[in-house]
Amino acid sequence: MCYWQWVLQKVKQKIIIPIIMMISRLSRINPSKIVVDNFGGRGYGDNPKYIIDELLKDSQRELDIVWLIDNMNEPVPNGVRKVKYNSVQSIYEYSTARIWIDNIKNSVKPRKKRGQYYVQTWHGGIGLKAVEKQIEKELDPRYVRLAKRDAKQTDLMLSDSKWTTEIFSNWFWYDGRIAEVGFPRNDVLVKKPQSVIKKVYDHFSLQENQKIVLYAPTFRDDGDVSPYIFDYNKIIDLLNWKFGNEYVFLLRLHPNIKLDSKSYIAQSIDDTKVFNANSYNDVQELLLTADVIITDFSSLMFDAMIADKKVFLFAKDFDQYIATQRRLLFNVEQLPFPLSKSISTLHQQIETFDSKKYFTNLNSFRDELGLQEFGNAAEKVKDIIVTEIQKG
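Residues numbered from 1 in each chain as written. Predicted model: local features only at pLDDT ≥ 70, side-chain atom pairs only at ≥ 80, totals over all residues. Heavy atoms only, no water.

Colleague: Give a detailed account of the packing of aromatic side chains, specifying residues and quantitative values.
Modeller: As enumerated under the stated definition, the model contains 26 aromatic pairs in all. Ring geometry for Tyr94 versus Trp100: centroids 4.9 Å apart, planes at 70°, classification edge-to-face. The same class applies to Tyr94 and to Trp100, which are both buried. Ring geometry for Phe230 versus Phe314: centroids 5.1 Å apart, planes at 85°, classification edge-to-face. Of this pair, Phe230 sits in the loop between β8 (210-215) and α8 (232-243) while Phe314 sits in strand β12 (residues 310-314), and the two are 84 residues apart along the sequence. A single burial state applies to Phe230 and to Phe314, both of which are buried. The ring of Phe39 is capped by Arg42, whose NZ or CZ atom sits 4.4 Å from the centre of that ring. One residue, Lys310, lies across the ring of Phe243, its end atom 4.8 Å from the ring centre. (Phe/Tyr/Trp six-rings, centres within 6.5 Å; stacked < 30°, edge-to-face > 60°. Buried < 20%, exposed > 50% of the residue type's maximum accessible area, 1.4 Å probe, protein only. Helix = DSSP H or I, 4+ residues; strand = E, 2+ residues; numbered from the N terminus. Lys NZ or Arg CZ within 6 Å of the ring centre and 35° of its normal.)

This is the structure in structure tokens:
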């Protein structure tokens, strides 16, 4: 960024946007307008995507749906209007919308006005790592300030379980309504639509007789990529032998992993058995379609659990990772998913996998969490939003 670009950015942040915010407070609310953000300007995805998909099915209602986005070239469905994230226009859209939908707490928003309704979907439910107020002293003070402000403006949060509701109630600086309806993005994991499975198979040009093993590890703070490197083809051979199918390997690295690291890992891609799945934009659809999931410390394991998937945990750097991470909310070694700290142990876990025992343990764990995923979360949130809109 050159000097003058930096100056213009500061003028925008410090002068133009605050002025627009003050002016916009005088603007009237459009009772049919909904403004949506996903991870601070990302494309059409996560919980907000599934809520909007449900609202778009309602042909009886004319809505002005605004998606705030960084890359204006990214596609959105018909009936959704794109506006540049963190632009002057985005402030106006926020100030005149009846409904706000977001999945993070530090996106750029004006102060909410009376008559506006804010749905905070958050972007995770059951997870390993301590969050928000649990690690307040470790967080950036600016983030804490924004998170507290966001919580005061929020009218509704969504939860997938009794466990998550307790986390939100006790540790999110929030004392408002929490709807235990599940997360909209997980509806697909419960309903298991064949159309989505076909979409994934077509994307990777797979045959019907092939099965998918999805490898989706989380990132390492130090950028180390060595934990992700092992013989993928050996895993394929073991799964073929164990479950009697022809497996292919989908590799999906965390977005925080640097592009050069992805290129390094991509040396293992052979386009016949091992595929790069980072370009696929909806990880829930990959979870649904996969037969086996391999991950390490990612909360993705709990989403896979909703879809009744066989999950293996594998981390060559397990002890080092545990020692350097912030507080974990579960003892990883006591989770219902087979855990391996070496590649030889992973091979053994696959060879000795007991399906009956695994799913018995999985069902007990879901009961302990008080899981509330029934496949109709998007519809229930849509009904709440429509009710608010009808209030005017």
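Picking up after the structure, the text goes on.
Colleague: Could you give an account of the pattern of salt bridges, naming the residues involved and the relevant values?
Modeller: Counted according to the given criterion, the structure contains 24 salt bridges. Of the charged contacts, one joins Arg185 and Asp46 as a salt bridge, the two residues approaching to 2.8 Å between their closest N and O atoms. Of this pair, Arg185 sits in the loop between β7 (177-179) and α6 (187-191) while Asp46 sits in helix α2 (residues 46-56), and the two are 139 residues apart along the sequence. Asp46 carries the same exposure label as Arg185, and that label is buried. When the shortest N-O distance is used, the salt bridge between Arg185 and Asp303 registers 3.5 Å. With a gap of 118 residues between them, Arg185 in the loop between β7 and α6 and Asp303 in helix α11 (residues 300-306) connect regions that are remote in the sequence. For the pair shown, Arg185 and Asp303 are each scored as buried. Residues participating in the shared-partner salt-bridge network are Lys33, Asp64, Arg81 and Glu93. (Salt bridge = Lys/Arg side-chain N within 4 Å of Asp/Glu carboxyl O.)

Colleague: So what about the packing of α8 against helix α13 (residues 343-351)? Which residues, and what values?
Modeller: Contact geometry of α8 with α13 gives a least axis separation of 9 Å together with a crossing angle of 20°. Here α8 lies roughly parallel to α13, going by the angle between them. Between α8 and α13 lies a crossing whose hand is right-handed. Counted together, Lys234, Ile235, Leu238, Leu239, Trp241 and Lys242 of α8 and Ile343, Leu346, His347, Ile350 and Glu351 of α13 form the full contact between these two elements. Looking at side-chain class alone, the contact of α8 with α13 contains 7 nonpolar, 1 polar and 3 charged residues. (Axes fitted to C-alpha atoms, helices over the stretch in contact; angles between N-to-C directions. Parallel < 35°, antiparallel > 145°, perpendicular 65-115°, else oblique. Left-handed = near helix turned anticlockwise from the far one by under 90°. Contact = heavy atoms within 4.5 Å. Nonpolar A, V, L, I, M, F, W, Y, C, P; charged D, E, K, R; others polar.)

Colleague: Describe the side chain of Glu388, listing the residues and the values that go with them.
Modeller: For Glu388, the location among the structural elements is in helix α15 (residues 377-391). Residue Glu388 is classed as buried on the basis of its relative accessible area of 10%. In this structure the side chain of Glu388 is engaged in a polar contact, spanning 3.0 Å, whose partner is the side chain of Lys391. (Polar contact = N/O pair within 3.5 Å; in protein donor to acceptor, adjacent residues only side chain to side chain.)

Colleague: Before we move on, can you summarise the environment of Asp291 with the specific residues and values?
Modeller: Tracing the backbone shows Asp291 in the loop between α10 (283-289) and β11 (292-295). When its relative accessible area of 18% is taken as the criterion, Asp291 is described as buried. For the pair Asp291 and Ala304, spaced 13 residues apart in sequence, the C-alpha separation works out to 9.8 Å. Not counting the four nearest positions on each side in its chain, Asp291 is found in contact with Lys211, Ile212, Tyr247, Lys309 and Lys310. Within the structure, the side chain of Asp291 is placed 2.5 Å from the side chain of Tyr247, a separation counted as a polar contact. Reaching out from Asp291, the side chain makes a polar contact with the side chain of Lys310 at a distance of 3.2 Å.

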